[in-house]
Amino acid sequence: MKRAACLLLKFATGGLTTSAFSLSSGVGAWNAVVFEIVMTFGLVYTVYATAVDAKKGNIGIIAPIAIGFIVGANILAGGAFDGASMNPAVSFGPAVVSWSWSNHWVYWLGPFAGAGIAAAVYEVLFSTAETAYEQLPVTDY
């Protein structure tokens, strides 16, 4: 979808260059990787804690609000430094359309590492084998 939006923007502006995710001046690539790791960790951890974990009970109402707040906070905080991608697909579309690949690896390494760390931390510290999955009622067999 992001790629289609960038193509449409390029067409609507008569072929002007569409912007892709890029690092702000003074921000190093490894600083941006760490920032992407932290932002993605926060997002994935919030999804696990509010929407995925079955042992939390019925807190489905708070999940979209909490996830929206963390995405909004990440965009406000990370937008000034590296665009706050948090998802390689979000960075890939604009990069393809604008053919801008400088420091693009940041937007792949950071989110994959952050998501992996968040999943591992949540599974190791908060999930247990008996509460990880909801048991089906006997009448459903």
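As the structure is a computational prediction, the values presented were derived from the model and not from experiment.

### Topic: the overall build of the chain
Then step 1. The secondary structure content of the chain amounts to five helices and zero strands.
Then step 2. Each helix (α) and strand (β) of the chain, taken in turn from the N terminus, gives the series α-α-α-α-α.
Then step 3. Counting every position in the chain, which comprises 141 residues, the buried fraction comes to 30%.
Then step 4. Here the contacts in the chain between residues at least 6 apart in sequence split such that 75% fall between residues at least 24 apart.
Then step 5. Accessible surface, the chain as shown: approximately 8,800 Å² in total, 70% of it carbon and sulfur.

### A short note on the side chain of Thr46
Then step 1. Its location among the elements puts Thr46 in helix H2 (residues 29-52).
Then step 2. Every residue in contact with Thr46, bar those within four places of it in the chain, is listed here: Ala51, Ala66, Ile67 and Ile70.

### Topic: the packing of aromatic side chains
Then step 1. Per the stated rule, a full pass over the model turns up eight aromatic pairs.
Then step 2. Ring centres 5.3 Å apart and planes at 90° place the aromatic pair Trp99 and Trp101 in the edge-to-face group.
Then step 3. Classification of Trp99 by relative accessible area gives exposed; the value is 63%.
Then step 4. One aromatic cluster in this structure is built from Phe92, Trp99, Trp101, Trp108 and Phe112.

### Some remarks on unusual backbone geometry
Then step 1. With a phi close to 55°, Asn103 is a non-glycine residue in the positive phi region.
Then step 2. Following the sequence through the fold, Asn103 ends up in the loop between helix H4 (88-98) and helix H5 (106-125).
Then step 3. For Asn103, a relative accessible area of 30% gives the class partly exposed.

Rules and cut-offs
Residues numbered from 1 in each chain as written. Predicted model: local features only at pLDDT ≥ 70, side-chain atom pairs only at ≥ 80, totals over all residues. Heavy atoms only, no water. Helix = DSSP H or I, 4+ residues; strand = E, 2+ residues; numbered from the N terminus. Buried < 20%, exposed > 50% of the residue type's maximum accessible area, 1.4 Å probe, protein only. Contact = heavy atoms within 4.5 Å. Areas by Shrake-Rupley, 256 points an atom, 1.4 Å probe, with all protein chains shown as cover. Phe/Tyr/Trp six-rings, centres within 6.5 Å; stacked < 30°, edge-to-face > 60°.

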